[in-house]
Amino acid sequence: MEVRIGPACSTCRSAVSLPDAEGAECTVRRYPEDVPGPDEIREVLERPGREPWDITRTREAAAEELGLGRCPRDDGSRERWIAALFEHPRPIRRPIVTAEDGTAVVARTDEAVRGVLSR
């Protein structure tokens, strides 16, 4: 399992502590130090069938500066969103937990993390 986190985020720290407590192997990736590339963002989006705007905190200052809140949410704008998230990862919702079985969730609750652990 892989957990993508913002180190200052308390929800992210909780998402990392749960797999540790259960003895599950967990790779931790921290943004902005370890920014997911565009292909990785696409892969994470494909797993739960989401779009880039689904994993974006559009009210985050960086997202507002990029104009993402006003950017169209359609197939024609998808790559623009992905490029923006790659170049400026701060607005990406976190933690994002991915499992070997293809599961990927934005794990804002302990229950969401436990759901991935139980697979």
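Relevant structure appears above.
Residues take numbers from 1 onward in each chain, read along the sequence in its written order. It should be noted that, the model being predicted, local features are given only for residues of pLDDT at least 70 and side-chain atom pairs only at 80 or more, the latter also being counted only at that level, while totals for whole chains, interfaces and linings use all residues. Working from all heavy atoms in the structure, the side-chain values ignore hydrogens and water.

**Brief notes about the nonpolar core**
Buried together is how nonpolar side chains tend to be arranged in soluble globular proteins. What counts here: Residues grouped as a nonpolar core are buried Ala, Val, Leu, Ile, Met, Phe, Trp, Tyr and Cys residues, joined through side-chain atoms within 4.5 Å. Here the term buried applies to any residue with accessible area under 20% of the maximum for its type, exposed to any over 50%, and partly exposed to those in between, with areas from a 1.4 Å probe on protein chains only. For the purposes of this entry, the term helix denotes a DSSP run of H or I that reaches at least four residues, the term strand denotes a run of E that reaches at least two, and both are numbered from the N terminus. It only takes one pair of heavy atoms within 4.5 Å for two residues to be counted as in contact.
Ranked by size, the top nonpolar core spans 13 residues in total, and within it Met 1, Val 3, Ile 5, Val 97, Val 113 and Val 116 carry the most contacts. Mapped onto this core, the elements with two or more residues apiece are strand S1 (2-5), helix H1 (10-22) and helix H5 (110-117). Contacts of Met 1, omitting those with residues within four sequence positions, involve Pro 19, Glu 25, Cys 26, Thr 27, Val 97, Thr 98, Ala 99, Val 116 and Leu 117.

**So, the environment of Leu 68**
As for its placement among the helices and strands, Leu 68 is situated in the loop between helix H3 (61-66) and helix H4 (78-87). Linking Leu 68 and Arg 80, residues 12 residues apart in sequence, is a C-alpha distance of 9.2 Å. Residue contacts for Leu 68: discarding those within four places in its chain leaves Thr 56, Ala 63, Trp 81 and Ala 84.

**Quick look at unusual backbone geometry**
Put simply, Arg 94 and Pro 95 share a cis peptide bond, and its omega is 0°. Inspection of the secondary structure puts Pro 95 in the loop between H4 and strand S3 (96-98).

**So, the environment of Arg 119**
Locating Arg 119 in the fold gives a position in the segment after H5. The exposure class assigned to Arg 119 is exposed, which follows from its relative accessible area of 64%. Setting aside anything within four residues of it in sequence, one finds Arg 119 in contact with Asp 101 and Thr 103.

**Focus on the packing of helix H2 (residues 38-46) against H4**
The condition that has to hold: Throughout, an axis means a line fitted to C-alpha atoms (over the contacting stretch in the case of helices), and angles, computed between N-to-C directions, take values from 0 to 180 degrees. Roughly parallel here means an angle under 35 degrees, roughly antiparallel means over 145, roughly perpendicular means 65 to 115, and every remaining angle is called oblique. Handedness of a crossing is defined here by the sense of rotation of the near helix relative to the far one, left-handed for an anticlockwise turn of less than a right angle and right-handed for a clockwise turn.
Where H2 contacts H4, the axes come no closer than 9 Å and their chain directions differ by 120°. When the interaxial angle is binned, H2 and H4 end up oblique. As for how H2 packs across H4, the hand of that crossing is right-handed. Contacts between H2 and H4 involve Pro 38, Ile 41, Arg 42 and Leu 45 from the former and Arg 78, Glu 79, Ile 82, Leu 85 and Phe 86 from the latter.

**Quick notes on the environment of Gly 115**
Relative to the elements of secondary structure, Gly 115 occurs in helix H5. Note: C-alpha distance between Gly 115 and Pro 19 (96 residues apart in sequence) is 11 Å.

**Quick look at the packing of aromatic side chains**
Two aromatic rings are characterised by how far apart their centres lie and by the angle between their planes. Inclusion rule: The aromatic pairing rule takes the rings of Phe, Tyr and Trp, using the six-membered ring of Trp, and pairs them if the centres are within 6.5 Å, calling planes under 30 degrees apart stacked, those over 60 edge-to-face and the rest tilted.
In total, this model carries one aromatic pair according to the counting rule given. Between Trp 53 and Trp 81 the ring centres are 5.6 Å apart and the planes differ by 70°, which places this aromatic pair in the edge-to-face class. One end of the pair, Trp 53, is in the loop between H2 and H3; the other, Trp 81, is in helix H4, with 28 residues separating them in the sequence. Note on accessibility: Trp 53 and Trp 81 belong to one class, buried.

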